[in-house]
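Architecture at a glance
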Amino acid sequence: QLYVEQFYDLLKLNSEAREYDFKKNLEAKTKLCEAAEKLAEEEDAISAFHQLQELHQEYREVGPVAKDLREEVWTRFKAASTVINKRHQQHFEEIKEKEQRNLDEKTVICEIVESMEYDKMITFQDWHDKTEEILALQAKWKTIGFAPQKMNTKIFERFRAACDKFFQSKAEYYKTRRKCYFENCFFV
């Protein structure tokens, strides 16, 4: 009889301790849910995402809650997480769109430089005007942001090659004119 009473006393104590743990865990997880919900107001999506990852880790470390409340608490935490994750994903989609627009702008600039017809530039003024145009395009290029990472180097090399071709053609034109000038001046 004594051992049976001790057994039931221990069982009761264990049950009370378990209920107390469930209550403390519920309080902790509720605070984590509130913290996750406040992250939706955070302006920096990346910072909010990293803070959410820490909250997820803490949520896992907190012990269980009563069975009838487990799903409800998890659903609340998951809903707050979904909001942050969508903002994080949207942030990177916006970056990709912006980089694609930058690539499109840079491609147009490359096409402009590549489409210059060197044989139609027959005077110094023609070359001067086109040089000013190239310099303006180079200045504009610097104001445009990055293109997608795998295309950024390629588009820059394309632009650089087009500009180099222009300036080489200009140097060749000037060298030919100078040669012509010296031949005409000294052998007249």
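This text gives an overview of the structure that appears in the document. Every value quoted in this text rests on a predicted model; they were computed, and no experiment measured them.

**Observations concerning helix H4 (residues 124-143)**
Taking 1.5 Å per residue, 20 residues should reach 28 Å; H4 reaches 29 Å between its end C-alpha atoms and fits that length. Residues of H4 that are buried include every one of Trp127, Thr131, Ile134, Leu137, Gln138 and Trp141, and no others. The buried residues of H4 all sit within an arc of 125° when viewed along its axis, so they share a single face.

**Structural notes on the packing of helix H2 (residues 45-61) against helix H3 (residues 67-114)**
As a packed pair, H2 and H3 sit with axes 9 Å apart at the nearest point and diverge in direction by 150°. The angle between the axes of H2 and H3 places the two elements in the roughly antiparallel class. Of the two possible hands of crossing, H2 and H3 adopt the one that is left-handed. For the pair H2 and H3, the contacting residues are Ala45, Ile46, Ala48, Phe49, Leu52, Gln53, Leu55, His56 and Tyr59 in the first and Val73, Trp74, Phe77, Ser81, Ile84, Asn85, Arg87, His88, His91 and Phe92 in the second. Counted by class, the contact of H2 with H3 contains twelve nonpolar, six polar and one charged residues.

**Digging into the nonpolar core**
One finds Val113, Phe159 and Phe166 to be the most contacted residues of the largest nonpolar core, which totals 19 residues. Of all the secondary-structure elements, those providing two or more residues to this core are H3, H4 and helix H5 (149-186). With six residues, H5 is the single largest residue contributor to this core. With near-sequence residues (within four places) excluded, Val113 lies in contact with Tyr118, Ile134, Leu137, Phe159, Ala162 and Cys163. Counting residues in hydrophobic clusters, the runner-up holds 13 residues, among them Leu32, Leu39, Ala48 and Val62.

**Details of H2**
Helix length check: H2 (17 residues) gives 24 Å between terminal C-alpha atoms against 24 Å at 1.5 Å per residue, within 8%. Within H2 the residues assigned to the buried category are Ala45, Ala48, Phe49, Leu52, Leu55, His56 and Tyr59. Buried residues along H2 cover an arc of 115° about the axis, so they all sit on one side. Exposed side of H2, more than 90 degrees from the buried face: Glu54 and Glu61 are the residues found there. Turning to H2, the residues buried within the fold contact helix H1 (2-38) and H3. The residue sitting at the N-terminus of H2 and contributing the capping side-chain oxygen is Asp44; that oxygen lies 3.3 Å from the backbone nitrogen of Ile46.

**Points about the packing of H3 against H4**
Contact geometry of H3 with H4 gives a least axis separation of 11 Å together with a crossing angle of 165°. Regarding the angle of H3 to H4, the classification is roughly antiparallel. Judged by the sense of rotation from one axis to the other, the crossing of H3 with H4 is left-handed. Each of Lys106, Ile109, Cys110, Ile112 and Val113 in H3 lies in contact with H4, whose residues at this interface are Glu133, Ile134, Leu137, Lys140 and Trp141. Looking at side-chain class alone, the contact of H3 with H4 contains seven nonpolar, no polar and three charged residues.

**Some remarks on the environment of Gln90**
With respect to the helices, strands and loops of the structure, Gln90 is situated in helix H3. For the pair Gln90 and Ala45, spaced 45 residues apart in sequence, the C-alpha separation works out to 9.0 Å.

**So, a nonpolar patch on the surface**
Taken together, Val4, Phe7, Tyr8 and Leu11 make up a surface patch of nonpolar side chains, about 410 Å² in accessible area. Mapped onto the fold, Tyr8 is located in helix H1.

**Observations regarding the packing of aromatic side chains**
Tallying each qualifying case throughout the model produces 14 aromatic pairs. Ring geometry for Tyr59 and Trp74: centres 5.4 Å apart, planes at 50°, overall tilted. Placement of the pair is Tyr59 in helix H2 and Trp74 in helix H3, with a sequence separation of 15 residues. Ring geometry for Tyr59 versus Phe77: centroids 4.5 Å apart, planes at 15°, classification stacked. Residue Tyr59 is located in helix H2, and its partner Phe77 is located in helix H3; the two are separated by 18 residues in the primary sequence. As far as the burial class goes, Tyr59 and Phe77 line up, both buried. Through successive ring pairs, a cluster of aromatic residues spans Tyr118, Phe124, Trp127, Phe166, Phe167, Tyr173 and Tyr174. Stacked on the ring of Tyr59, the Lys or Arg Lys29 has its end atom at 4.3 Å from the ring centre.

So, how was this worked out
- Residues numbered from 1 in each chain as written.
- Predicted model: local features only at pLDDT ≥ 70, side-chain atom pairs only at ≥ 80, totals over all residues.
- Heavy atoms only, no water.
- Helix = DSSP H or I, 4+ residues; strand = E, 2+ residues; numbered from the N terminus.
- Expected span 1.5 Å × (residues − 1).
- Buried < 20%, exposed > 50% of the residue type's maximum accessible area, 1.4 Å probe, protein only.
- Arc of directions from axis to C-beta.
- Axes fitted to C-alpha atoms, helices over the stretch in contact; angles between N-to-C directions.
- Parallel < 35°, antiparallel > 145°, perpendicular 65-115°, else oblique.
- Left-handed = near helix turned anticlockwise from the far one by under 90°.
- Contact = heavy atoms within 4.5 Å.
- Nonpolar A, V, L, I, M, F, W, Y, C, P; charged D, E, K, R; others polar.
- Core = buried A, V, L, I, M, F, W, Y, C linked by side-chain atoms within 4.5 Å.
- Polar contact = N/O pair within 3.5 Å; in protein donor to acceptor, adjacent residues only side chain to side chain.
- Patch = residues over 30% accessible without salt bridge, like charges linked within 9 Å, V, L, I, M, F, W, Y side chains within 5 Å.
- Areas by Shrake-Rupley, 256 points an atom, 1.4 Å probe, with all protein chains shown as cover.
- Salt bridge = Lys/Arg side-chain N within 4 Å of Asp/Glu carboxyl O.
- Phe/Tyr/Trp six-rings, centres within 6.5 Å; stacked < 30°, edge-to-face > 60°.
- Lys NZ or Arg CZ within 6 Å of the ring centre and 35° of its normal.

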